[in-house]
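Next come the chains, spelled out residue by residue.
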Amino acid sequence: MSIHEVLVFIDGCGETEKIIPNFNWVKWEVSEKSSSASPARNALYKKASGTIFIGLDDDAHPISANFIVSVENQFKLDAIIGVLAFQEVKGIFNSNEEALKEAKQTHSFFTNEFIGCGFAILKKRV
């Protein structure tokens, strides 16, 4: 079994801070003022100790089966890949299966930019 660390950045949301005691297995980073996604991700990236850093916005979650294994396998398949950008599926769905039906069938391609609502960065090759 793999052990994964979970880091969460709370920026300027006192209401969210109230849940911290309920999740002692999460590594929390709290800022009193809102800083936006990129600075928050940068702060968490520096603290993450794993080989793969997966970033998800607060309103995003993986919908594919075996998500972490799929990410690990993708990095193993191609020695030059360092960043994966996940497809964003917009809408409100009753289940992950319903959301997957809305997802576009995509193919891998090289890019120099991506939307950051969901991504994985290979911090070090194993």
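Check the entry above for the structure.
## A closer look at the sheet that holds strand E4 (residues 83–85)
Note: strands within a sheet are paired through backbone hydrogen bonds, in either parallel or antiparallel orientation.
Link 1 in the chain: An order of E3-E5-E4 is seen for the three strands of this open sheet, with the pairing classed as antiparallel. Single-partner strands in this sheet number two, and they are strand E3 (52–56) and E4. Adjacent strand axes in the sheet meet at a mean angle of 10 degrees when their direction is disregarded.
Link 2 in the chain: Where helix H3 (residues 67–77) meets the sheet, its contacts fall on E3, E4 and strand E5 (118–122), and the angle it forms with E3 comes to roughly 130 degrees.

## Notes on H3
Link 1 in the chain: Three or more residues of H3 are buried, namely Phe67, Val71 and Phe75. The buried residues of H3 all sit within an arc of 75 degrees when viewed along its axis, so they share a single face. Across H3 from its buried face, at more than 90 degrees, point the exposed residues Lys76 and Leu77.
Link 2 in the chain: For H3, the secondary structure elements touched by its buried residues are E3, E4 and E5.

## Details of the packing of aromatic side chains
Link 1 in the chain: Counting across every chain of the model gives four aromatic pairs.
Link 2 in the chain: Ring centres of Phe23 and Trp25 lie 5.9 Å apart, and the angle between their planes is 80 degrees; on these two criteria the pair is classed as edge-to-face.
Link 3 in the chain: The exposed category is assigned to Trp25, whose relative accessible area is 55%.
Link 4 in the chain: Measuring from centroid to centroid gives 5.4 Å for Tyr45 and Phe53, while their planes differ by 80 degrees, and the two rings are edge-to-face.
Link 5 in the chain: The exposure class assigned to Tyr45 is partly exposed, which follows from its relative accessible area of 29%.
Link 6 in the chain: With relative accessibility at 7%, the residue Phe53 sits in the buried group.
Link 7 in the chain: Aromatic rings pair up to connect Tyr45, Phe53 and Phe119 into one cluster.
Link 8 in the chain: The aromatic ring of Tyr45 is capped on one face by Lys123, whose charged end is 4.4 Å from the ring centroid.

Conventions adopted
Residues numbered from 1 in each chain as written. Predicted model: local features only at pLDDT ≥ 70, side-chain atom pairs only at ≥ 80, totals over all residues. Heavy atoms only, no water. Pairing = 2+ DSSP bridges. Helix = DSSP H or I, 4+ residues; strand = E, 2+ residues; numbered from the N terminus. Axes fitted to C-alpha atoms, helices over the stretch in contact; angles between N-to-C directions. Contact = heavy atoms within 4.5 Å. Buried < 20%, exposed > 50% of the residue type's maximum accessible area, 1.4 Å probe, protein only. Arc of directions from axis to C-beta. Phe/Tyr/Trp six-rings, centres within 6.5 Å; stacked < 30°, edge-to-face > 60°. Lys NZ or Arg CZ within 6 Å of the ring centre and 35° of its normal.

By themselves, these figures tell us nothing about what the structure is for.
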